[in-house]
Each structure stands twice: as structure tokens, then as C-alpha cells.
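Each chain, letter by letter, is given below.
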Amino acid sequence: MFDSLLGMAGVVVPVVAVLLIVILILATGYVKASPDTAYIISGLRKQPKVLIGKAGIKIPFLEKKDELNLQLIPIDVKTSSAVPTADYINIRVDAAVNVKISETRAALRWRRRIS
């Protein structure tokens, strides 16, 4: 009876170890993006996966996660010299501009162009 328990332990222990490794990989690869952040997961996939306001899994060491802020970004704009307009009037600009990246999939899609 003791020999049969040792035989079962020899089978159960590697299975449990493999399950623990899979659970550890899934736990370390779990990512959750907030609604104002886009996570772009790339690597093994042909098309990068974009997560906005939802969760996903990336494979550690094989895939890369990039973060893109989708909030309003204030930018100060100043010109050092006069700039001519379409009506040939020289103006100097001192303004604050708010820029926001679009959240649509078409706007976030990125293609690498090989020349």
C-alpha cells in the first residue's frame, strides 16, 4: 500500500508543480487598463492587442506592454518671432492648447512601414 502511495505521489507532484507554474505565469501576466489609459500588448501576436478600460493577459518575457495616456494633455505654445497668417498679418502666439489622443481603435492602430 505504501508503494502505491509513493507511485501516486510521483505522478501528482509534477502535475501540481506544472499547475502552479501556469497559475504563476497567468498571475504575473494579468494587466488591467483604466478607462483613461491604453495598454498596447505586442510581441507574439501579428496585430498588437489594445486594452482600454478592460483586463487582459500578456505572456511574461515574450510580450511587451506599452502604456499610452488618453487624458487631456496641456501644452504651452509660444512663438519667438512673428508668424505670418494666410492674410499676411504677422502675429505672435502665446497660448495653452489641450490635446487628447482619440480612443477609437482605428486611431490607435499602428503599422510599421518597411521602406
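Note that the structure is a prediction, hence the values are computed from the model and not measured.

Definitions and limits used
- Residues numbered from 1 in each chain as written.
- Predicted model: local features only at pLDDT ≥ 70, side-chain atom pairs only at ≥ 80, totals over all residues.
- Heavy atoms only, no water.
- Phe/Tyr/Trp six-rings, centres within 6.5 Å; stacked < 30°, edge-to-face > 60°.
- Lys NZ or Arg CZ within 6 Å of the ring centre and 35° of its normal.
- Helix = DSSP H or I, 4+ residues; strand = E, 2+ residues; numbered from the N terminus.
- Contact = heavy atoms within 4.5 Å.
- Buried < 20%, exposed > 50% of the residue type's maximum accessible area, 1.4 Å probe, protein only.
- Salt bridge = Lys/Arg side-chain N within 4 Å of Asp/Glu carboxyl O.
- Pairing = 2+ DSSP bridges.
- Polar contact = N/O pair within 3.5 Å; in protein donor to acceptor, adjacent residues only side chain to side chain.

(A) Region of interest: the packing of aromatic side chains. Summed over all chains, the structure comprises zero aromatic pairs. One Lys or Arg, Lys-65, reaches over the ring of Tyr-39 and ends 4.5 Å from the middle of that ring.

(B) Just the side chain of Lys-58, in detail. Structurally, the position occupied by Lys-58 is in the loop between strand E4 (55-57) and strand E5 (64-69). Sequence-distant contacts of Lys-58, that is, excluding residues within four places in its chain, are made with Gly-29, Ile-41, Glu-63 and Lys-65.

(C) Inspection of unusual backbone geometry at higher detail. Phi is positive for Phe-61, close to 70°, though the residue is something other than glycine. Note on placement: Phe-61 falls in the loop between E4 and E5. By relative accessible area, which is 86% here, Phe-61 ends up exposed. A positive phi is found at Tyr-88, a non-glycine position, where the angle reads about 60°. By secondary structure assignment, the location of Tyr-88 is in the loop between strand E7 (83-84) and strand E8 (90-91).

(D) Up close: the pattern of salt bridges. For the structure shown, the criterion picks out two salt bridges. As a salt-bridge pair, Glu-63 and Arg-45 come within 2.9 Å of each other at their nearest N and O atoms. Taken together, the residues Glu-63 in the loop between E4 and E5 and Arg-45 in the loop between strand E2 (37-42) and strand E3 (49-52) connect sequence positions 18 residues apart. For Glu-63, a relative accessible area of 7% puts it in the buried group. Here Lys-64 ties to Asp-66 by a salt bridge, and the two come within 3.7 Å at their closest N and O atoms.

(E) The arrangement of the pairing of strand E6 (residues 73-78) in detail. Of all six residues that make up E6, zero are buried, and the element is exposed over most of its length. The pairing of E6 with strand E9 (residues 94-99) spans six bridges and is antiparallel. Residue Val-77 lies in a different strand from E9, and its bridge partner there is Ala-95.

(F) Expanded view of the environment of Glu-103. Of note, Glu-103 is situated in the loop between E9 and helix H2 (105-108). Judged by relative accessible area, Glu-103 falls into the partly exposed class, the value being 41%.

(G) Highlighting the side chain of Thr-37. Here Thr-37 lies in strand E2. Among the polar contacts made by the side chain of Thr-37, one reaches the side chain of Ser-34 at a distance of 3.0 Å. Thr-37 has contacts with Leu-51, Ile-52, Gly-53, Glu-67, Leu-68 and Leu-70, leaving out every residue within four places of it along the chain.

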